[in-house]
Amino acid sequence: MLTYRAHAKINWALNITGRRPDGYHLLDMLMQGIELCDELRLEAAEGLSLRVNGEPAGEENLVLKAARALNRRTGRDLGARLALTKRVPERAGLGGGSADCAAALRGLNALWDLALSEREMLDIGETLGADVPFCLTGGLARVSGIGEVIEPVESAPELPLVLLRPGDGLSTGAVFSLWDGGGFPEVALDTRALAGALSRRDLAAVDRLCANALAAPAIALMPGIGAAIGKMRSLGAAAAFMTGSGSAVVGAFEDPAAARRAAEALPGAILTRTLSRRED
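Owing to the predicted nature of the structure, the values given are computational and were not obtained by experimental measurement.

Visitor: Go over the packing of helix α2 (residues 96-111) against helix α3 (residues 118-128) with me, naming the residues and quoting the values.
Guide: Taken N-terminus to C-terminus, the directions of α2 and α3 make an angle of 145 degrees; their axes are 10 Å apart at the nearest point. Crossing geometry of α2 relative to α3 is assigned as right-handed. Facing Cys-101, Leu-105, Arg-106 and Asn-109 of α2, the residues of α3 in contact are Met-121, Ile-124, Gly-125 and Leu-128. Tallied by class, the residues present in the contact of α2 with α3 amount to 5 nonpolar, 2 polar and 1 charged.

Listed below in structure tokens is the structure:
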């Protein structure tokens with residue numbers, strides 16, 4: 001049996017720069033992997049099966065889609081028994097499903113001895129979800145296009161974080177759809193300057209440079225996001241922002257003790273940290 005960790009991600013910044021004829025949004029983002037993760041266990045078997053937290057998964061689950069994509073790519077019909085333990089909140093902008101998909105690609109590549117290169121895995125990942133290529137690489141990176149253009153940033157810091165998901169989360173499609181309708185302010189975003197501030201651990205500059213084009217429509221759908229950002233700041237976060245399409249709010253802290261105190265004061269909060277590189 002093999003075990004892989006599927007690490008969530010945060011968006012330090014996210015901007016929408018255009019839209020392709022096929023409807024996909026073009027993005028400019030600064031993303032980083034975090035310690036919070038799901039866990040995927042894999043073993044050889046006849047046929048493909050997946051249980052999530054002990055329950056059978058639907059056929060549209062990204063882990064099963066990853067397995068089928070690998071079989072198509074290699075012209076095989078290999079089986080596996082897969083078990084996923086979910087810890088990453090859903091509908092939160094933390095990339096949990098994409099992380100699971102990336103872990104399945106890596107794990108099955110090893111379990112089935114396929115010897116696919118990282119480039120081949122990234123090509124497959126791009127067909128499965130916009131965040132999957134980043135989840136395959138991890139660390140800190142500027143991500144653009146529809147998620148397939150990844151520029152790693154050296155000197156990625158490890159910072160204590162507190163996560164809080166207001167309500168029951170948000171639908172990514174609903175947030176993008178509201179943004180598409182217009183009426184929201186454009187954001188000024190300099191991902192290179194932001195990456196430099198992170199590398200220096202200058203959280204005051206990070207807080208000034210963080211921006212998310214989807215924050216305004218997400219807050220329009222769920223005002224509790226704005227309140228959660230304010231609460232995070234009041235508890236000592238040096239930087240506080242919404243990740244992805246929401247609804248999770250991230251607080252970055254100068255030291256672990258401050259982060260722990262804030263997490264203890266926020267019911268349902270998750271204490272975690274950023275990762276300097278991908279960890280399987």
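Visitor: Tell me what's going on with α2, and back it up with residues and numbers.
Guide: With 16 residues, α2 ought to run about 22 Å at 1.5 Å a step, and its terminal C-alpha atoms sit 22 Å apart, in line with that. Among the 16 residues in α2, 13 count as buried, and that is most of the element. Of the residues one or two after α2, Asp-113 is the one with positive phi, at around 55 degrees.

Visitor: A description of the pairing of strand β7 (residues 149-152) should follow, citing residues and the corresponding values.
Guide: For strand β6 (residues 140-145) and β7, the ladder comprises 4 bridges, and the chain directions are antiparallel. Looking at β7, one finds that Ser-144 is bridged to Val-149. Between β6 and the antiparallel strand that follows it, β7, lie 3 residues; Gly-147 among them carries a positive phi value of about 115 degrees.

Conventions adopted
- Residues numbered from 1 in each chain as written.
- Predicted model: local features only at pLDDT ≥ 70, side-chain atom pairs only at ≥ 80, totals over all residues.
- Heavy atoms only, no water.
- Axes fitted to C-alpha atoms, helices over the stretch in contact; angles between N-to-C directions.
- Helix = DSSP H or I, 4+ residues; strand = E, 2+ residues; numbered from the N terminus.
- Left-handed = near helix turned anticlockwise from the far one by under 90°.
- Contact = heavy atoms within 4.5 Å.
- Nonpolar A, V, L, I, M, F, W, Y, C, P; charged D, E, K, R; others polar.
- Expected span 1.5 Å × (residues − 1).
- Buried < 20%, exposed > 50% of the residue type's maximum accessible area, 1.4 Å probe, protein only.
- Pairing = 2+ DSSP bridges.

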